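Here's the letter readout for the chains.
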Amino acid sequence: MTQAKLMQGNEACAQGALAAGVRFFGGYPITPSTEIAEQMARELPKVGGTFIQMEDEIASMAVILGASLGGKKVLTATSGPGFSLKQELIGYAAIAEIPAVIANVQRVGPSTGQPTSPAQGDVMQARWGTHGDHPMIALSPWTVREAFDVAVKAVNYSERFRTPVIILLDEVVGHMREKVVLPEQNEIEIYPRRKPTKSRAEGYQPFTPEDDLVPNPADFGTGYRIHVSGLVHDDTGFPTGSPKVTEECIKRLHEKIDRVKDEITHYDEFFMDDAEVAVVTYGGTARTAYAAVEAARAKGQKVGMVRLMTIWPFADKVIQKVAAKTKAILVPEMNYGQLVREIERAAAGQAKVVSLPKYNTEIFTPAEIGGAIDQLVSEVAK
Amino acid sequence: MKDYEQYFRSNRLPHIWCPGCGNGIIMKSIAKAIAKLDMDQDKTVIVSGIGCSSRASGYMDFDTLHTAHGRAIPFATGVKLANPELKVIVITGDGDCTAIGGNHFIHGARRNVDLTVVLFNNNIYGMTGGQASPLTPTTKKATTAPYGTVDRPFDPCQLAQAAGATFVARGTAFHAAQLPDLIAKGIQNNGFSLIEAITPCPISYGRQNKLGDSSAMLKWMGEHGVPKVAYEKLSAEERTEKFPLGVLYESQFGEYSAEYAHVIERAEGGQK
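Procedures and definitions
- Residues numbered from 1 in each chain as written.
- Chains lettered and ligands numbered in written order.
- Predicted model: local features only at pLDDT ≥ 70, side-chain atom pairs only at ≥ 80, totals over all residues.
- Heavy atoms only, no water.
- Helix = DSSP H or I, 4+ residues; strand = E, 2+ residues; numbered from the N terminus.
- Rg over C-alpha atoms; globule rule 2.2 N^0.38 Å.
- Buried < 20%, exposed > 50% of the residue type's maximum accessible area, 1.4 Å probe, protein only.
- Contact = heavy atoms within 4.5 Å.
- Areas by Shrake-Rupley, 256 points an atom, 1.4 Å probe, with all protein chains shown as cover.
- Core = buried A, V, L, I, M, F, W, Y, C linked by side-chain atoms within 4.5 Å.
- Buried area = accessible area lost by both parts, 1.4 Å probe.
- Salt bridge = Lys/Arg side-chain N within 4 Å of Asp/Glu carboxyl O.
- Polar contact = N/O pair within 3.5 Å; in protein donor to acceptor, adjacent residues only side chain to side chain.
- Expected span 1.5 Å × (residues − 1).
- Phe/Tyr/Trp six-rings, centres within 6.5 Å; stacked < 30°, edge-to-face > 60°.
- Lys NZ or Arg CZ within 6 Å of the ring centre and 35° of its normal.
- Pairing = 2+ DSSP bridges.
- pLDDT = per-residue confidence, 0-100.

K.L.:
What is the right way to read the overall build of chain A from this model?
P.N.:
When you go through chain A residue by residue, the secondary structure sums to 12 helices and 16 strands. For chain A, whose C-alpha radius of gyration is 21 Å, the value lies close to the compact-globule estimate of 21 Å for 382 residues. Each principal axis of the C-alpha atoms in chain A carries an extent, and together these give about 70 × 45 × 40 Å. In chain A, buried positions account for 62% of the 382 residues. Here the analysis covers contacts within chain A between residues at least 6 apart in sequence; of these, 77% occur between residues at least 24 apart. With the model as given, the accessible surface of chain A reaches about 14,100 Å², and the carbon-plus-sulfur share is 51%.

The structure is reproduced here in structure tokens:
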């Protein structure tokens, strides 16, 4: 077992990416994500990898996509304003099926907002930030150790499904320091870069999907001479104006993620066996929520908690089950109310869903969430 | 010398360019340069941006990457740094390279990554339908400048040189015999190379400005492009509307991926 270390969330995120095989980082400095870039600048060359500081956020996204096609596992890191700038190329990665991981350490917005103050305001941007129709995977850790684990998962999912994956951190988790014990390298499961299963002579086409609906475009320089484009394309990778091919292309992008939705939905349940009120939460807010729920249990209140690690695709089934067995769901978030809309939709009226938003640069206190729990507990008792 | 035709995806031709367009001449010049240098077809990558010029990547039989508006250079930077054994050629247009991609252009030149950028300069946004680009000459008309442009155009060669490019050259579609050689020299330069290739767009640019058909536009290039040595002997008055051709600038500076390999050596050895 490795030694226990005092480590920051951003640092753990970088370490997780390295452990999963990331060997290329392109980025542009923006708080509160900069420690990820700084860590990669120090660590990547030690393992033969490459760090490059680009001229802007868009170039940072472009350079990692180029490097990914060149055969490397790639990461970039940013915060809200930079995340917005990267969006066009996040869409490019989705349609061109280029593995890439984007860590977004959220801060208060819109625009420059409140730099380096904690927020969870990019939940919907992570899902819908780019144009057009595409699926999205976004994972949000709540501890420093989990920032490491989420980074490993994000890299693996991006490689396995050849799609951009978002690590949705918040400033609380990104800048928090905790004692962590990281797994040994040989304990970490790593998904390797997909390779062509046919030769050109056998009729290989770079965008022909395998059984899992994911294609195997060859890395550049391996002799396949493939064409990669952000235009809607057929199996050959070349653009087409065909309505049929367009429909098939967009449908397959969605279906390759839809069919593994349950497998990649990660969450924790606490005190849910007899809960009448559930707190559904994620990221840094989940830490405060846990303290509040524990306190409520100590008072004898039938309160449980569900903590979502997978934000997208949304955990519909998990929330449906929670809604079916509770009377009310409280959703504290460091924003004006974002994921609560999905929870309300999934709950479909089976349980009352109450938003508890906070967006004043301060994190929740246990008393604030506790107060909202008290109110809900008394309401459901009526 | 190899036959340049082996570098085309014949099943993707004919191309989509308009009759009279000079892009084919430039694309063929790139293929001829590659043939001349007998480059490894499997270790050469062509990266393009968006627009008429950037469709060329699809016609060429290499690993090819048709990126997003203005972003060819940073994509190409990633390809090269991920695998420095690859030779990377960037195809871009005047709007793509110097407007939406302007910042990437100057920073690409500054970094001196080994990229060969061939800038197809037709002085207009062609595919979008004739809007003014940063290389549309002042007073010339465009659909977004119906009374003539007020903006001054960049000189992309001077811009690249000032930003740190280690090889800068200019050719035209009229000077088709020399262009492959200029591109080949750019590919041989181990660093950031710019080859501006001026090309006629009779449909979107020529028609609005009454420049005649493609042959008239090519003729104009022949009359106004002057070899660098001769250009330097001209008086300021004689230089009006004339422009220098050939290798305009060369210098030496460490190539980025080679320099970064030293960073890796230092880091792996535990030194700072």
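After presenting the structure, the write-up continues.
K.L.:
What am I meant to see in the nonpolar core here?
P.N.:
In globular proteins that are soluble, nonpolar side chains generally tend to be buried together. In terms of nonpolar packing, the biggest core is built from 136 residues, with Ile36, Met40, Tyr92 and Ile329 of chain A touching the most fellow members. At 10 residues, helix 6 (residues 144-161) of chain A tops the list of elements feeding residues into this core. Grouped together as the second largest cluster of nonpolar side chains are 31 residues, Trp17, Ile34, Phe167 and Ala169 of chain B included.

K.L.:
Just checking my understanding: could you explain the interface of chain B and chain A for this structure?
P.N.:
Interface size is commonly expressed as the accessible surface area that is lost when the partners come together. Each partner contributes to the interface: chain B provides 38 residues, whereas chain A provides 42 residues. When the two sides are added together, the surface that chain B and chain A hide from each other amounts to roughly 3,200 Å², 57% of it contributed by carbon and sulfur. When the area that chain B buries against chain A is broken down by residue, the three leading residues are Asp63, Phe75 and Tyr260 of chain B, summing to 17%. Counting across the interface, chain B meets chain A through three salt bridges. Where glutamate 55 of chain A meets arginine 111 of chain B, a salt bridge forms, and the shortest distance between an N and an O atom there is 2.6 Å. For the pair chain B and chain A, the interface holds 18 residue pairs in polar contact (both at pLDDT 80 or more). For the side of chain B that touches chain A, the secondary structure elements donating two or more residues are helix 2 (56-59), strand 2 (63-66), helix 3 (72-82), helix 5 (102-111) and helix 11 (256-268) of chain B.

K.L.:
Hey, could you run me through unusual backbone geometry in this one?
P.N.:
Keep in mind that most residues, glycine aside, have a negative phi and that most peptide bonds are trans. The omega torsion of the bond from glycine 109 of chain A to proline 110 of chain A falls at 5°, within 30 degrees of zero and hence cis. By the element assignment, proline 110 of chain A lies in the loop between strand 5 (100-108) and strand 6 (114-118). With an omega of -5°, the peptide bond running from tryptophan 312 of chain A to proline 313 of chain A counts as cis. The residue proline 313 of chain A is located in the loop between strand 14 (310-312) and helix 10 (316-325) in this model. Its identity as a non-glycine residue notwithstanding, aspartate 38 of chain B has a phi of 50°, on the positive side. Residue placement: aspartate 38 of chain B occurs in the loop between helix 1 (23-36) and strand 1 (44-48). Residues other than glycine seldom take positive phi values, yet lysine 210 of chain B does so here, at roughly 50°. Counting through the fold element by element, lysine 210 of chain B comes out in the loop between helix 8 (202-206) and helix 9 (214-224). Using a relative accessible area of 74% as the deciding quantity, one classes lysine 210 of chain B as exposed.

K.L.:
What am I meant to see in helix 8 (residues 243-258) of chain A here?
P.N.:
Helical geometry: 3.6 residues make up each α-helical turn, so side chains three or four residues apart lie on a common side. Residue and element names in this part refer to chain A. Between its first and last C-alpha, helix 8 extends 22 Å over 16 residues, near the 22 Å set by a 1.5 Å rise per residue. Regarding helix 8, the residues found buried are Val245, Cys249, Arg252, Leu253, Lys256 and Ile257. Buried residues along helix 8 sit against helix 4 (80-96), strand 7 (137-139) and helix 6. Taking the backbone nitrogen of lysine 244 as reference, a side-chain oxygen 3.2 Å away marks serine 242 as the first, capping residue of helix 8.

K.L.:
For this particular structure, what's the right way to read the packing of aromatic side chains?
P.N.:
The geometry of an aromatic ring pair comes down to the distance between the two centres and the angle between the two planes. All chains considered together, the criterion is met by 15 aromatic pairs over all chains. When the centroid spacing of 6.3 Å and the interplanar angle of 90° are considered together, the rings of tyrosine 4 of chain B and phenylalanine 8 of chain B count as edge-to-face. Like phenylalanine 8 of chain B, tyrosine 4 of chain B is buried. Through a chain of ring-to-ring contacts, the aromatic side chains of Trp142, Phe270, Phe271 and Tyr290 of chain A assemble into a single cluster. Against the face of tryptophan 128 of chain A rests arginine 127 of chain A, its NZ or CZ located 3.9 Å from the ring centre. Stacked on the ring of phenylalanine 238 of chain A, the Lys or Arg arginine 12 of chain B has its end atom at 3.7 Å from the ring centre.

K.L.:
I tried to follow the pairing of strand 5 (residues 167-172) of chain B on my own but got confused; where do I start?
P.N.:
Consecutive side chains of a regular strand alternate in pointing toward one face of the sheet and then the other. Residues and elements named next belong to chain B. By the criterion of burial, strand 5 is predominantly enclosed, with six of the six residues buried. Here strand 5 shows two buried faces, one formed by Phe167, Ala169 and Gly171 and the other by Val168, Arg170 and Thr172. Note: strand 5 against strand 6 (residues 193-198), six bridges, orientation parallel. Within strand 6, the residue paired with phenylalanine 167 across the bridge is serine 193.

K.L.:
Before we go on, may I ask you to explain the confidence of the model for chain B in this structure?
P.N.:
Note: predicted coordinates in regions of low pLDDT should not be interpreted at a detailed level. Scored by pLDDT, chain B comes out at a mean of 97, with 100% of its residues at no less than 70. Of the two predicted TM-score estimates for the complex, the pTM is 0.98 and the ipTM is 0.97.

K.L.:
Teacher, can you tell me more about the pattern of salt bridges here?
P.N.:
Note that side chains of opposite charge can pair when their charged atoms are close. Residues and elements named next belong to chain A. Scanning the model with the defined rule gives 36 salt bridges over all chains in all. With a shortest N-O distance of 2.9 Å, aspartate 212 and arginine 194 are connected by a salt bridge. Linking aspartate 212 in the loop between strand 9 (177-181) and strand 10 (227-229) with arginine 194 in the loop between strand 9 and strand 10, this pair joins segments that are 18 residues apart in sequence. You can call aspartate 212 partly exposed: its relative accessible area is 28%. Salt bridges linked by common partners bring Glu159, Arg193, Lys195 and Asp219 together as one network.

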